[in-house]
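Structural overview for review
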Amino acid sequence: CLAFLSSFLIASLYGNTILLVTSPLVAPFAGLNVKIRATVFTVKVTFVDEPVLFATINTAKTIITIDPNGNLPSGAIYVAINGTQVEDSGGNPGASTNITFTVNTTIPTFTFNPAGGTTINNAASNIVITASEAIRKLDNNAIQNADLAGILTLKQTNAAGTNIAFSATIDAGKTTITIDPTGALPSGAIYVAINGAQVEDVANNAGASANATFTIDTTAPTFTFNPARGTTISNTASNIVLTASEA
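Below, the structure is looked at part by part.

Rules of the game
Residues numbered from 1 in each chain as written. Predicted model: local features only at pLDDT ≥ 70, side-chain atom pairs only at ≥ 80, totals over all residues. Heavy atoms only, no water. Buried < 20%, exposed > 50% of the residue type's maximum accessible area, 1.4 Å probe, protein only. Helix = DSSP H or I, 4+ residues; strand = E, 2+ residues; numbered from the N terminus. Pairing = 2+ DSSP bridges. Salt bridge = Lys/Arg side-chain N within 4 Å of Asp/Glu carboxyl O. Axes fitted to C-alpha atoms, helices over the stretch in contact; angles between N-to-C directions. Contact = heavy atoms within 4.5 Å.

**Things to note about the pairing of strand β18 (residues 210-216)**
The alternating pattern of β18 places Ala 210, Ala 212, Phe 214 and Ile 216 on a buried face and Asn 211, Thr 213 and Thr 215 on a face that is not buried. Bridge count between strand β10 (residues 119-120) and β18: 2 bridges; the pairing is parallel. Residue pairing for β18: Ile 120 is matched across the bridge by Ile 216. Pairing between strand β16 (residues 188-194) and β18: 7 bridges, direction antiparallel. Bridge assignment links Ala 193 to a residue of β18, and that residue is Asn 211.

**Here we look at the pattern of salt bridges**
Per the stated rule, a full pass over the model turns up 2 salt bridges. The closest approach of N and O atoms between Arg 136 and Glu 200, which form a salt bridge, is 3.0 Å. Of this pair, Arg 136 sits in strand β12 (residues 136-137) while Glu 200 sits in strand β17 (residues 199-200); the two residues are 64 residues apart in sequence, bridging distant segments of the chain. Asp 147 is the salt-bridge partner of Lys 137, the closest N and O atoms lying 3.7 Å from each other. One end of the pair, Lys 137, is in strand β12; the other, Asp 147, is in the loop between β12 and β13 (152-156), with 10 residues separating them in the sequence. Exposure remark for Asp 147: the relative accessible area of 23% places this residue in the partly exposed category.

**A look at the sheet that holds strand β9 (residues 110-113)**
Strands sit in the order β9-β11-β15-β14 across an open sheet of 4 strands; the sheet is antiparallel. Only two strands of the sheet have a single partner each, and these edge strands are β9 and β14 (166-170). Averaged over all neighbouring strand pairs, the angle between strand axes comes to 20 degrees, with direction disregarded. Relative to strand β11 (residues 127-131), β9 runs antiparallel, the two being bridged by 4 bridges. Considered in β11, the bridge of Phe 110 is made with Ala 131.

**Here's the deal with the sheet that holds β18**
Spatially, β10-β18-β16-β13 is the arrangement adopted by the 4 strands of the open sheet, whose pairing is mixed. Each edge of the sheet is formed by a strand with only one pairing partner; in this case those strands are β10 and β13.

**Observations regarding the environment of Thr 243**
For Thr 243, the location among the structural elements is in strand β20 (residues 241-244). In this structure Thr 243 comes out as partly exposed when scored by relative accessible area, which is 42%. Through-space distance from the C-alpha of Thr 243 to that of Phe 225 is 6.5 Å; in sequence the pair is 18 residues apart. Contact partners of Thr 243, with chain neighbours within four places excluded, come to Thr 222, Phe 223 and Thr 224.

Function-wise, these values are silent; they only describe arrangement.
Laid out in structure tokens, this is it:
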């Protein structure tokens, strides 16, 4: 029979392996139930005399390793141990305990306002980049306003165009970046990009780089006439044509 524990610490997830850590025991036990539950994934591990294939305990009887039979699904994962079924060498039964942790394999993505392909007439507009989830630096430190210049690009025309000076801020929730051009944006195509590979979410998933190109158009449409102003025509059946300078 296996010996087990009187107090429990459920430790970190390594890959798809869960470790349960306890203080050492020497007394045998009748049964131990360890459950992992998720909406679409359920595993029940039952110890009787020997551990089943996907759960083991070390020789010191302090660490249980649960190896899920497949990849853990994204979302909340519940892990529990029925500690009342085991005891220490002093006859003290354990305490049942559980944790819930989250599996997140989704990378942060980014959306832009103005969106790519749009045309706006406000040359004083700020540009807002919204992350799909909170982001931080790759060293796990919070991303600050001063870090943004290193991951953002703002240019005329395209990625090879002339740089446009700007300042940038990120909100307290670390999801919304606001780019404030130093002056009015020039007419024409504006290229904005974020190097998403330089940031990550709280689960260490690096982001996806993204960019958008929108157009600044502050020129009002004008019209020409045919027949033109001041002309004299002799064809009384003529149509009159007005031509706009742009659609």
